[in-house]
Structures are given as structure tokens and as C-alpha cells.
Amino acid sequence: MRFPTSTQLFSLPLRSTKPPFLRASLVYSRMASSSAFQALKDSSLIKTQGFIDGKWIDAKDGGKIIVTNPSTDEELGTVPEMGVAETKEAIEAASKAFKSWGKTTAKYRHDIMVKFFNLMTENADDLARIITLENGKAFAEAKGENTYSASFIEWFAEEAVRTYGEHIPCAFPGVRNVTIQQPVGVVSILTPWNFPSAMITRKVGAALAAGCTTVIKPPPETPFSALALIELARRAGVPDGVINVVTTQKNVSEVAKEMCENKIVKKVSFTGSTPVAKLLTGMAAQTLKKVSMEAGGNAPFIVFDDADIDQAIEGAIACKFRGTGQTCVCANRIYVQSGVYAEFASRLADRVAQFKVGDGLTDGTTHGPLIHHRAVEKVQSHINDAVSKGAQVLIGGSKLPRPGSFFAPTILSDVPSTALLNTEETFGPLAALTKFETEEEVIKLANDTDYGLAGYFFSRDIGRVWRVAEALEVGMVGTNTGMISQAQIPFGGVKESGLGREGAHGISEYMNTKFIAFGGL
Ligand code: SIN
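As the structure is a prediction and not an experimental result, all values here were calculated from the model. (Residues numbered from 1 in each chain as written. Predicted model: local features only at pLDDT ≥ 70, side-chain atom pairs only at ≥ 80, totals over all residues. Heavy atoms only, no water.)

Enquirer: When you look at the overall build of the protein chain in this model, what are you seeing that I'm missing?
Expert: A count of helical and extended segments in the protein chain gives 14 helices and 22 strands. Over its C-alpha trace the protein chain gives a radius of gyration of 23 Å, about what one expects of a compact globule, namely 24 Å for 521 residues. C-alpha extents for the protein chain along the principal axes are approximately 70 × 65 × 45 Å. Burial statistics for the protein chain: of 521 residues in total, 58% are counted as buried. When the accessible surface of the protein chain is totalled, it reaches about 20200 Å², and 55% of it is carbon and sulfur. Taking the average place of the 54 positive charges on the side chains of the protein chain and the average place of its 55 negative ones, the gap between the two points comes to 7 Å. (Helix = DSSP H or I, 4+ residues; strand = E, 2+ residues; numbered from the N terminus. Rg over C-alpha atoms; globule rule 2.2 N^0.38 Å. Buried < 20%, exposed > 50% of the residue type's maximum accessible area, 1.4 Å probe, protein only. Areas by Shrake-Rupley, 256 points an atom, 1.4 Å probe, with all protein chains shown as cover. Lys, Arg positive; Asp, Glu negative; His and termini not counted. Charge placed at Lys NZ, Arg CZ, Asp CG, Glu CD.)

Here it is, written out as C-alpha cells:
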């Protein structure tokens, strides 16, 4: 197989000074055209321009990206199609701002971040509505995402004031060994559409707390959430140039290259697919930048005979169908031991039959559409492939006949090990069940993948809980729970699921440890 070109890779369905900072700036941006945004309490949160050095700006050549609502296929508005020239300007603005932001006290940054967190909480309904409109997820889930997203800002504000150094006993007399933590500098941040808000704050929170400045490339599908957040950060007092946003779609390969190769940039943080993570890491390697890559997953979800089946069903619903199956920690392969297989399959189907799939802003909707029609085609192709190899459809199985990119929540049983979905992340509402007999057999199946982000299993045998948790080749394990995501955990993978950790320990990825020997005592 030929290695895809960078343009092909980026088009894959992916799943981004008054004393010194108190000066008020006259900042405005044009409004989006869509009436969908008119229901916002504060419609000035909708920005339709990029943000560089504290100014809302258009693309130099006037190019635009059309953003659509996946529930209706209708246009929501446009943002600029920026390119390399705007990216260079954003990097230079971040570099200029770093000279002062990097020297602020941790307490100063903490206080601004607390204001930012409070603004996210006060504007929760509007921010959630924007998420639902551009990503499609149900409004209640979008509210949950805003809470999750704000928690990164709150938690990293607390981290900012705990970036301790250390004193290390010295081998020589008259010398003292000390380390200090310093911000790395300008950080490039590239984010996905599946969490239009939380994937930005997970990175920007760490960067701001550490004293870094940033250039963000939000995804073209969901730029409005990113721009609304940046407006709130600005209102909270984040100074000009500390956060810059470059929106792009067609020019993404060149923009990403600049963000990864420009010598001024000292770190790249990305969440998205494994092929793109490899490409960006290669670019960043030219100047040996620090990288954090949160890449694809192919999570195993295992139910043992001794599991609490109620817990396992609820875990599967949360883990498999969160975001309509579009999270990189979603269960992709569900292995159920033979003694409980039939009961688990039929009870899971009963629960899934109760889902209300629809426009995320309609009351009662539990699950929204997929992000676009390419995603629908991929889910369908995984189902067709598994069925052609012997799997059976228990519920769902096809696209819903209505406008928007809706797919019926689907359960397949008797999925053979040769099915494509065992090696490729589906990123959709497809629960694929496979029967197994022994612990040894299922560990082998679970680890038979190049990915290693998350894994889940249900068992009430304490010995097995330890054994299996240690044996799964993943960065994060959920035992007797399908929900692991929080700001406070070391989020990240092993194998081809990524490099580095976000959340807990995440701030150290944005700081350098400097050693200082104090001699002549
Ligand atoms: C992701 O899907 O990339 C992140 C999921 C999470 O934070 O729970």
C-alpha cells in the first residue's frame, strides 16, 4: 500500500501591555449569518474571524470556510480560510507575547484562569448550544462537555501555582543543586471536532498555566466553539498574543507544516488520528520539539462471566455511545464471556432501542448525528464488512432516512476476528460483540492491535481485576466503569495511540526542567 500524501492524510475523516496586561482593547468581530445562533443569550460569543495578536481578522485573500450543522446539513456561518502567511503572523505574535507572559507569576496566571473558568460556567448554556449546533451532540451531552472543558481550566489554574522545583543533595562540598521549571515557549495546538471545546482547554489550560503562549488550529467542522472560548479568555484578561487562532481547511497541510516546523515553536500538541500524529511528529522532529500526541484508539471492552451485568450494560452505553461513538476512548471491540453473552447482548439491545436519535437541540434527544457523511459511510462499510464475514445485526445497521448525517445505533453479534473493525477504529455508534471462553484468550484478542489508548473490563474477582488491568496494553484502564475521562487523570496512550500525557502530569509537557548548581559557598 502506498503511504498517503499529507493532503490525503489531513482530509481523512478524523475523527482544532498596560501594566503589562491590563490594557483594554477595542475588539469586535462580525457575526455569523445563521439564525441558529440568534437564540444565544450572548450572541457576541459568535466570532467569524481568526484571532491574531488580540485582533479578529479575515484571511488575507478573503477565503472562507463554510461550517454546517450535521443535524440539518444547513450552513451555520463562515470562518476565514487562512494560510501560511497568517500562521507565521500568529507564531510571531505568540513569540512577542511570550516575552512578558512567560515572566508573569504563577499566581497572576492562576487568577486570570479562574476568571476564564467562571466565564465558561456563566455562559454554559450558550457554549453548549454552539457545541450542539456545529458538532451535533445532544444538548445535555454538550453541557457535560462544557463542564468537562471548564474543569481543565480550573484544574490547570491550580497546577500553575504548584510548579515546584527541587533541591537535590550534592556530591561535592560547597555546592547546592537546585532545579526550576520554566515554560517551553510558543506551543502549536491542533484539535479535533469530536470535543470542540474540551480538547482546546485540555491543551490551552496546561499552556497558560505553564506560562506558554499558543497558536491554535481548530478543526474546520467546529471552529465556533474555539472562537467563543477565545473571546471568553480575552474577557478574562488573557493578554494579546497569548492565544492566537488560525482557522483553515483547504490549506491545512501547509498550515500544520508551518506550525510544526517553524523554529520559534517549541512544542506541538495534537489530538486526532494516528496517521496524522505520525506525520506531525515527523515534522516536529526536524527541530526536536517536544510533542504530545493523543492519537487513535481501538478500545477493548471485556465482560467476564463474574461481572455485575447491570454495571456492564451501563458501562457499555456510556463508553460505546458517548458522542454517538465518536470519541477516541470509545469501546471499539466488545468481548463477552460465553456464560453471559446471550443475556448481555439482548439487554444491551433493549437499552439501545430506547435511544432517541435526533437533532441535539430537540428535547429528549439522547444521541445526535455523526459529524459528516464520510463518517456515515465508514460506519456502514464496517457493518457491511463484518456482516459479509458472518456477523449478525441485532439492532440498527444503516443510515437513518432523514436530512443530516444520522446513523441508527447498531449492535452486531458474533463478529469474527477477521472483521475490519478489529483493526480500524469505527468512530461511530456501532457496538460489535464477540464471544470468548477464557481470560487468556481475551487478553490476547484485546492486545492484538497497534493501538493502546484505553481498555475496559467488568469483573468482581479482585485477583482478575489486578491481572487484567496489568495485562492490557493501554495507557488507561476502566475496571467496572465505562467512564474514565476527567481533567485530573494522566490521559494518553501507548503503542501507536500516542506520546505524552495530558491532564495529570500534563503541565510538565509544557515546561523544561532547568538544573542550577550554586557553587562557591
Ligand atoms: C478524545 O476523544 O480525543 C478525548 C476523549 C476524552 O477526553 O474523554
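Next comes the rest of the write-up.
Enquirer: I keep staring at the site of the ligand and nothing clicks. Help me out?
Expert: Taken together, 14 residues sit near the ligand, with Y148, N194, R322, C328 and S485 positioned nearest. R202 places a polar side-chain atom, nitrogen or oxygen, 3.1 Å from an oxygen atom of the ligand. Measuring from an oxygen atom of the ligand, one finds a side-chain N or O atom of E294 at 3.1 Å. Within the complex, the protein chains bury 100% of what would otherwise be the 260 Å² of accessible surface of the ligand. Tallied by class, the residues present in the shell around the ligand amount to six nonpolar, four polar and four charged. (Near = heavy atom within 4 Å. Polar contact = N/O pair within 3.5 Å; in protein donor to acceptor, adjacent residues only side chain to side chain. Nonpolar A, V, L, I, M, F, W, Y, C, P; charged D, E, K, R; others polar.)

Enquirer: What am I meant to see in the nonpolar core here?
Expert: A general feature of soluble globular proteins is that nonpolar side chains tend to end up buried together. Core analysis: the largest hydrophobic core is formed by 115 residues, its most contacted members being I243, F301, V303, F344 and L348. When residues of this core are sorted by domain, at least three fall in each of domain 1 (73-294) and domain 2 (299-487). Leaving out residues up to four positions away in the same chain, L348 has contacts with I313, A316, I317, I411, A431 and L433. Membership of the second largest hydrophobic core comes to 27 residues, among which are L279, V291, M293 and A295. (Core = buried A, V, L, I, M, F, W, Y, C linked by side-chain atoms within 4.5 Å. Domains from an automatic or database assignment. Contact = heavy atoms within 4.5 Å.)

Enquirer: Would you mind showing me how to read the pattern of salt bridges here?
Expert: Side chains carrying opposite charge are able to pair once their charged atoms draw close together. Scanning the model with the defined rule gives 23 salt bridges in all. Across the pair K143 and D125 runs a salt bridge, and its minimum N-O distance is 2.6 Å. With a gap of 18 residues between them, K143 in helix α5 (residues 139-160) and D125 in helix α4 (residues 124-135) connect regions that are remote in the sequence. Overall, the relative accessible area of 31% leaves K143 in the partly exposed class. The salt bridge involving E439 is made with R464; its shortest N-O contact spans 2.8 Å. (Salt bridge = Lys/Arg side-chain N within 4 Å of Asp/Glu carboxyl O.)

Enquirer: Mind showing me how you'd approach the packing of helix α10 (residues 309-321) against helix α11 (residues 338-353) here?
Expert: Two numbers describe how α10 lies on α11: the axes approach to 10 Å, and their chain directions differ by 50°. Here α10 lies oblique to α11, going by the angle between them. Judged by the sense of rotation from one axis to the other, the crossing of α10 with α11 is right-handed. Only V340, E343, F344, R347, L348, R351 and V352 of α11 make contact with α10, whose side of the interface consists of I309, D310, A312, I313, E314, A316, I317 and F321. In the contact of α10 with α11, the residues fall into ten nonpolar, no polar and five charged. (Axes fitted to C-alpha atoms, helices over the stretch in contact; angles between N-to-C directions. Parallel < 35°, antiparallel > 145°, perpendicular 65-115°, else oblique. Left-handed = near helix turned anticlockwise from the far one by under 90°.)

Enquirer: For this particular structure, what's the right way to read the side chain of R464?
Expert: Mapping R464 onto the fold places it in helix α14 (residues 462-471). Side-chain polar atoms of R464 contact the side chain of E439, separated by 2.8 Å. Every residue in contact with R464, bar those within four places of it in the chain, is listed here: F304, D306, Q337, E439, F457, S459 and A469.

Enquirer: Help me out: how do you make sense of the environment of R464 in this one?
Expert: R464 sits in the buried class, given a relative accessible area of 13%. Sequence separation between R464 and F304 is 160 residues; the distance between their C-alpha atoms is 9.7 Å. Within the local environment of R464, its side chain forms a polar contact with the side chain of D306, the two groups lying 2.9 Å apart.

Enquirer: Just checking my understanding: could you explain the sheet that holds strand β6 (residues 176-183) for this structure?
Expert: Neighbouring strands of a sheet are bound in pairs by backbone hydrogen bonds; such pairs are parallel or else antiparallel. Here three strands make up an open sheet; going across it, the order is β5-β6-β22 and the pairing antiparallel. The open sheet terminates on both sides in strands that have one partner only, identified here as β5 (166-168) and β22 (511-518). Across the sheet, the axes of successive neighbouring strands diverge by a mean angle of 30°, strand direction being ignored. Taken together, the three bridges between β5 and β6 define a ladder with antiparallel strand orientation. Its bridge partner being in β6, H167 is matched across the sheet by V178. (Pairing = 2+ DSSP bridges.)

Geometric descriptors of this kind do not, in isolation, establish any biological role.
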